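# Structural overview for review
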Amino acid sequence: MQRRKFIQNIGIGSLAFPLTSFTKINKIAPIDNSIITPQGLKKGDTVGVVSPSSAIFETEPYEIAKENLEAMGLKVKFGDFVKGRYGHLAGTDEERAGELNDMFRNDTIKAIMALRGGSGAARILDKLDYKAVKNNPKIFIGYSDITALHLAIYQKTGLVTFHGPLAVSTWNSFSFDYFKRLLFDNEKITFTNPTDKGDNLTQIKNRIRTIRKGEATGRLIGGNLAVLTGIMGSEYFPTNWDGNILYLEDVGEQIYAVDRMMSQLQLGGVLDKISGFVFGKCTNCKPGGSGYGSLTMEEVIDHYIKPLNIPAFSGAMIGHIDDNVTIPNGLKAKINATKGSIELLENAVK
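Residues numbered from 1 in each chain as written. Predicted model: local features only at pLDDT ≥ 70, side-chain atom pairs only at ≥ 80, totals over all residues. Heavy atoms only, no water.

## Observations regarding the pattern of salt bridges
If you walk through the whole model with that rule in mind, you get 16 salt bridges. Here E70 and K66 are joined by a salt bridge, their closest N and O atoms 2.5 Å apart. In this pair, E70 and K66 are both assigned in helix α1 (residues 60-71), four residues apart and thus about one turn of the helix distant. A salt bridge links R219 to E346, with the shortest nitrogen-to-oxygen separation between them at 3.2 Å. Residue R219 is found in strand β8 (residues 215-224), and its partner E346 is found in the segment after β14 (341-344); the two are separated by 127 residues along the sequence. (Salt bridge = Lys/Arg side-chain N within 4 Å of Asp/Glu carboxyl O. Helix = DSSP H or I, 4+ residues; strand = E, 2+ residues; numbered from the N terminus.)

## Section: the pairing of strand β9 (residues 245-251)
Both faces of the sheet carry side chains from a regular strand, because those side chains alternate between them. Across the seven residues of β9, seven count as buried, placing the element largely inside the fold. Residue alternation in β9 divides its side chains into two sets, I245, Y247, E249 and V251 and L246, L248 and D250, and both sets are buried. Relative to β9, β8 runs parallel, the two sharing five bridges. Opposite G222, over in β9, you have Y247 as the bridge partner. As defined by bridge partners, β9 adjoins strand β10 (residues 276-283) across six bridges and the pair is classed as parallel. Its bridge partner lying in β10, D250 is registered against C282. With helix α7 (residues 255-267) bridging β9 and the parallel β10, this β-α-β connection has right-handed handedness. (Buried < 20%, exposed > 50% of the residue type's maximum accessible area, 1.4 Å probe, protein only. Pairing = 2+ DSSP bridges. Right-handed = clockwise from strand over helix to strand, strands pointing away.)

## Here we look at the state of the cysteines
Covalently bonding the sulfur atom of one cysteine to the sulfur atom of another cysteine gives a disulfide. Scanning all chains against the criterion turns up one disulfide. Between the sulfur atoms of C282 and its disulfide partner C285 the distance amounts to 2.1 Å. Here the disulfide of C282 and C285 is left-handed, its torsion about the S-S bond being about -75°. Given a relative accessible area of 15%, C285 falls into the buried group. (Disulfide = S-S within 2.5 Å.)

## Overview of the sheet that holds β14
The pairing of strands in a sheet happens through backbone hydrogen bonds and is either parallel or antiparallel. An order of β6-β14-β13-β8-β9-β10-β11-β7 is seen for the eight strands of this open sheet, with the pairing classed as mixed. Across the chains shown, the open sheet's two edge strands, defined by having one partner strand only, are β6 (190-191) and β7 (209-212). Pairing of β7 with strand β11 (residues 312-314), which is carried by three bridges, proceeds in the antiparallel orientation. Looking across to β11, one finds that T210 is bridged to F313. Contacts from α7 reach β9 and β10 within the one sheet, and its direction differs from that of β9 by about 160°. (Contact = heavy atoms within 4.5 Å. Axes fitted to C-alpha atoms, helices over the stretch in contact; angles between N-to-C directions.)

## Focus: the sheet that holds strand β12 (residues 327-329)
Pairing is mixed across the open sheet formed by six strands, whose spatial order is β2-β1-β3-β4-β5-β12. Each of the sheet's edge strands pairs with one partner strand only, and the pair in question is β2 (75-78) and β12. Between one strand and the next, the sheet's axes are offset by a mean angle of 30°, whatever the strand orientation. Examined bridge by bridge, strand β4 (residues 139-142) and strand β5 (residues 161-163) share two bridges and lie parallel to one another. By the bridge assignment for β5, G142 is matched with H163. Lying on the sheet, α1 is in contact with β1 (46-50), β2 and β3 (111-114); it crosses β2 at an angle near 145°.

Remember, this is a structural readout, not a statement about activity or role.
So this is what it looks like as structure tokens:
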């Protein structure tokens, strides 16, 4: 589901939902450099599905989400407000935060998956029970607007979360293979792009572009560019970027806006600290109507990244695409910018 594409169909009707517990949460201090990995998945485990961002107003996506997870051998529990609505949001801020807090506190829930992205996750960052998250570490997965939650959870607790497909995503064999190997089989995966040429003489789709050659190691931190820069300056934005690898993706942004957000990362001191850089896909990112022409996306990225003289590449299978890999946010990895690979150096789950 695209972060900026709010479903505009008629709402799901006047439904009554049980109230979930919500209390004012005391904030805890930033992480003490300790990293927490959650327990892995096995068949028969229950996955909680939550809607921390935008609402879905049709019934079919819920059926698809349930069938996706059941096809993986998992049981499904929808949150109390997963079908809620408050404007374009899936319930009020208190309802959506309370739903996620309850999923972390519930011992029968072994993993939590966002139903969709959209907008609104940043509104609940100050309402999450980070102490409960830290005391009940479990797999949390989603992408796009869910980036705000990944970054906040990492900053406040040190828990490794997963930038990957949503419950309603296209769970094809490519995406599920990486998900299964990472979270069921506990593999230290090396992520690489497909190399099939089809009927062509050379590879056309899913090519890697090396920005600067070389290898770099560090913790993978990142996600959606617009959402990431949207929480810069807050207490939920990671404070320690020294030696880390920044990975980014986006959708539906005009190139001038990408340039502005990359400039924000530069002026904020993030780019000067990282050891490596990976850009995934920027789906439907076009020049827009400036009236005077535009830089290309390649020129924008090169302007900010090449002067850093760090290993960097673009074209990774990260973003608003069907073949979307699951990236562990906060885990140590090594990138090879010449090959366009991301090698995990630690197990993502226990």
